[in-house]
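Here is what each chain is made of, one letter per residue.
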Amino acid sequence: PASGITHQLQQVDRAHQVVKMASGGAMRESVAKNHLSSSREAVKRFPELKALCHKFIAAYEKRTEAADAKYGHKKYKAMLQKAANQNMETIFIDLNDVEDFCKQELMNPDEAIADARQIPKIQLQQSIERFIEDIESNASRYMKYFYEACDLALPERDQDFNPDGSAKDVIAQWRQRMLAQQQEAGDQPGAATAGIPLRLKNDFDVRFKPRDSRKPVKLRELTANYVGALVQLDCMVVRTSPVKPRVEVVTYHCEVCDAEIFLTVEGERFTPLKECPGQRCKDNKQSGKLRQITRTSKFGKFQEIRVQEMSDHVPVGGVPRSITVVVNGDNTRLVLPGDAITVTGVYKPMELPWFQARAQGTMQAMHIDAHSIKKHKIGYSETRENEDEMNRKLEEAQRSGNLYEMASRSIAPEIFGHKDVKKALLLVLIGSYTKTMKDGMKIRGDIHALLMGDPGVAKSQLIKQVCNIAPRAVYTTGKGTSGVGLTASVMRDTATGEVTLEGGALVLADMGICAIDEFDKMEESDRTAIHEVMEQQSVSIAKAGITTTLNTRTTVLAAANPVFGRYNPYKSPVENIDLPPALLSRFDLLFLLLDTVDMEKDKNLARHVCKIHCSFNDKPDANKKDDGPAPMDDIYEFKAFDAEFMRHYIRKAKSYEPLIDDELQRDIVDAYVTMREEEKNGDRDSRKSYTTPRTLLAMLRLSQAHARTRFSNRVERQDFDEAIRLMKASKESVELSAPAKKSSNPLDIIYDIVSDLLRQSPNSDGDAWVDMAHVVSMAGHKALSAEMVNEAIENWESLSVMIRDPEKKSVKFLVPPM
């Protein structure tokens, strides 16, 4: 009976599996039918939508923009006039305008289109509703429709014609004469010579600009449903190829029938013609003799860039995915490795030769044909769309006064304190200008800074905020960085097999900022790669037969911990820093940030952090107890400038090249000589840095950067005073801890710690035991190790003041403290 029941259960399972497979197959079949029916409906809409493309180009008016002198508010007619005059390479079809056009057409459909296509008015309205969706799902086809519409609406040239392309005009005139002669002779050109291809006749391209309401998709979310569709991605550029010419229309000349043959290249590769398709050769049953004419063919600019998904799009434990983006025309040379961009393009399969496709099997390589590229951060040398508005905001901020203070506080406003550090970071972002002497020697203008201090003083957050503001910045950590990763590595190109150089972090950050966190964790051999970069602003490479010099005009911003983890006040600053003098002297600013105990400062910091974690929109409670005045660095006291405004402010400041005033020369010389003399006569253990001639250049660079913040071309006394003040303030926290070090010794510190713990214990009668673990923990905050604690207590035991238990886990006073 048991075996019979088992057999029946197996039959039921098989029946369920058969039903499940049948239902799954039916579901797949229904999905395929739905796709097929929707595709057929889209094909039926092609004729009327093609007519709408023609009407959009010829009649759409953009009322929100300034009117053109010739065409008024007809935006695309004015753009076509510029293209006809060879003043514009690409006509961008803004899908926001198409959406607005569709709304107008839905209210009043064009009866001429409905009558020409012999369709009812309601069907035309339904096609208009699907117009935007069809463009975004089948972008390549509609790009051809809009190109044909632009060709039909292209006006004649006017007085604004750009005569730079005169060679193309000569070829076009010769071609028109040849066609006219053939028609006069009665020769009937074949299908290939029936007309000149549009790509050869026109010098402009047509591309789409996405809607503002369209949200970007993640790279790992691209599926087969997006093939052929217009997609928008947020990504990071990791590699760019050189710009190369790519043939768009190949021209052949038949030496037998004297015909001109055109071959339009649509994809990545093409097969050259072997037989002449001309009518005379066909009538004579000859294959002809074709010769490719490079002079009359058309070539376009072509570049491949490799993009990688953003770090915040990568799931935990995942590897960032990458894809190739193909850019053409004036989209080339827009981005560099390291730029964060939003790219809009058509998701297409990559065409491969038959032998490569056979080796690859069923896998299909994909790429994106770029239509529009938008940078997340605009560089200092690039113009903005809202230039006038940003200039107005900057003038208002300048009239309000104290622009230098407000801009410095806008760097990481959520971080409490560090006023001088933020001012120094603002000067690092602005910098000075590079001077080139008559003999070719260059003096750098970049300001390098090193933030060294105790853990938890927001060093990493500060340099990350600087990277967010700077339009070009690379962030890396010391432990995960090698010397090759900083400078350049030798790579072999998979496509061509050539040996090429791929730039590292410092090369990618050229004309920008390279932020290196955990600077003290780097290997000494890797750290030496920065020496040449920081002073000569270049990297010399001699690898694999490649000998060259790469530009690294980079500002280095580093953060590090002292050699003992925390700053030890019982050792000299030089022993705490423990970096080679050759590297330290290259830093213009060296901030030593100590976590000192200050009751008022700690209270304000705790209150500030609590406010950040509270709701911003909470209403004030009348019964709430007032804890005193708000701290001076409250982020709610002022409205911080956003990153876009900061970049505009820095861009304007960088346009000034201030010179040293003659009256300041004597003061600068005296200050430098005094610093050298004080370092010579001072205590060697109290030396915090090395004063070299580079220090003099650092003072000049800081003074010029401060003059730039005022939009001035002269360095005045206030600029020099601020530079000297910042250099002194960078070591201020060390000075605050110095008196405690000089007036006390470890014996007194341990005595105070044990007495404080004794008073805090519930049985504080002076005869209680204190746990040694608590004593060691409290002493660690004062930079005392466990060995120093044991040595101090042994000294007190020898003086019969303290005693420990036999296990040495507790300690108490023999003589009660006063």
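The present account deals with the structure reproduced in this document. These figures come from a predicted structure and were not determined experimentally.

What follows deals with the overall build of the chain. Across its full length, the chain carries 31 helices and 26 strands. The buried share of the chain, reckoned over its 818 residues, is 42%. Summarising the internal contacts of the chain: among those between residues at least 6 apart in sequence, 71% fall at separations of at least 24. Approximately 45,500 Å² of the chain is accessible, and the part contributed by carbon and sulfur atoms is 52%.

A separate point is the packing of helix α2 (residues 46-59) against helix α6 (residues 121-129). At a closest axis distance of 10 Å, the pairing of α2 and α6 adopts a crossing angle of 70 degrees. By the angle between their axes, α2 is roughly perpendicular relative to α6. Along this stretch, α2 crosses α6, giving a crossing that reads as right-handed. For the pair α2 and α6, contact is made by Glu48, Leu49 and Leu52 and by Gln123, Leu124, Ser127 and Ile128, respectively. Its residues assigned to classes, the contact of α2 with α6 shows 4 nonpolar, 2 polar and 1 charged.

Once that is clear, we can look at helix α31 (residues 786-798). Taking 1.5 Å per residue as the helical rise, α31 with its 13 residues ought to reach 18 Å, and the 18 Å between its terminal C-alpha atoms agrees with that figure. For α31, the full list of buried residues reads Val789, Ala792, Ile793 and Trp796. What you see down the axis of α31 is that its buried residues fit within an arc of 95 degrees, all on one side. Away from its buried face, by an angle of more than 90 degrees, α31 presents the exposed residues Glu787, Glu791 and Ser798.

Turning our attention to a negative patch on the surface. A surface patch of negative charge is lined by Asp595, Asp598, Glu600 and Asp602. Topologically, Asp602 is positioned in helix α23 (residues 599-612). Overall, Asp602 belongs to the partly exposed group, its relative accessible area being 34%.

What follows concerns the environment of Glu502. Among the structural elements, Glu502 can be located in strand β16 (residues 499-503). For the pair formed by Glu502 and Val484, sequence separation is 18 residues and the distance between their alpha carbons is 9.8 Å.

Residues Trp769, Ile803, Leu814 and Val815 make up a contiguous nonpolar surface patch of roughly 350 Å² in combined accessible area. The class of Leu814 is partly exposed, set by a relative accessible area of 46%.

This paragraph deals with the pattern of salt bridges. The final tally for this structure, using the stated rule, is 38 salt bridges. A salt bridge links Lys201 to Asp151; the shortest N-O distance between them is 3.4 Å. With a gap of 50 residues between them, Lys201 in helix α10 (residues 198-201) and Asp151 in helix α8 (residues 139-152) connect regions that are remote in the sequence. Taking the relative accessible area as the measure of exposure, Asp151 reaches 15% and is therefore buried.

The element strand β17 (residues 513-517) is extensively covered by neighbouring structure, given that 5 of its 5 residues are classed as buried. Taking every second residue as pointing to the same face, both faces of β17 are buried, with Ile513, Ala515 and Asp517 on one and Cys514 and Ile516 on the other. Summarising the sheet, strand β14 (residues 473-477) and β17 pair through 5 bridges and their orientation is parallel. Bridge pairing in β17 places Ala473 opposite Ile513. Direction of pairing for β17 relative to strand β20 (residues 555-560): parallel, over a ladder of 4 bridges. Considered in β20, the bridge of Ile513 is made with Thr555.

Turning our attention to the packing of aromatic side chains. In the structure shown here, the tally under the stated rule is 18 aromatic pairs. Where Phe56 meets Phe146, the ring centres are 6.0 Å apart and the plane angle is 80 degrees; that geometry is what we call edge-to-face. One end of the pair, Phe56, is in helix α2; the other, Phe146, is in helix α8, and 90 residues separate them in sequence. By relative accessible area, which is 0% here, Phe146 ends up buried. Within the aromatic cluster, the residues linked to one another by ring pairs are Phe56, Tyr60, Tyr76, Phe101, Phe146 and Phe208.

Criteria and thresholds
- Residues numbered from 1 in each chain as written.
- Predicted model: local features only at pLDDT ≥ 70, side-chain atom pairs only at ≥ 80, totals over all residues.
- Heavy atoms only, no water.
- Helix = DSSP H or I, 4+ residues; strand = E, 2+ residues; numbered from the N terminus.
- Buried < 20%, exposed > 50% of the residue type's maximum accessible area, 1.4 Å probe, protein only.
- Contact = heavy atoms within 4.5 Å.
- Areas by Shrake-Rupley, 256 points an atom, 1.4 Å probe, with all protein chains shown as cover.
- Axes fitted to C-alpha atoms, helices over the stretch in contact; angles between N-to-C directions.
- Parallel < 35°, antiparallel > 145°, perpendicular 65-115°, else oblique.
- Left-handed = near helix turned anticlockwise from the far one by under 90°.
- Nonpolar A, V, L, I, M, F, W, Y, C, P; charged D, E, K, R; others polar.
- Expected span 1.5 Å × (residues − 1).
- Arc of directions from axis to C-beta.
- Patch = residues over 30% accessible without salt bridge, like charges linked within 9 Å, V, L, I, M, F, W, Y side chains within 5 Å.
- Salt bridge = Lys/Arg side-chain N within 4 Å of Asp/Glu carboxyl O.
- Lys, Arg positive; Asp, Glu negative; His and termini not counted.
- Charge placed at Lys NZ, Arg CZ, Asp CG, Glu CD.
- Pairing = 2+ DSSP bridges.
- Phe/Tyr/Trp six-rings, centres within 6.5 Å; stacked < 30°, edge-to-face > 60°.

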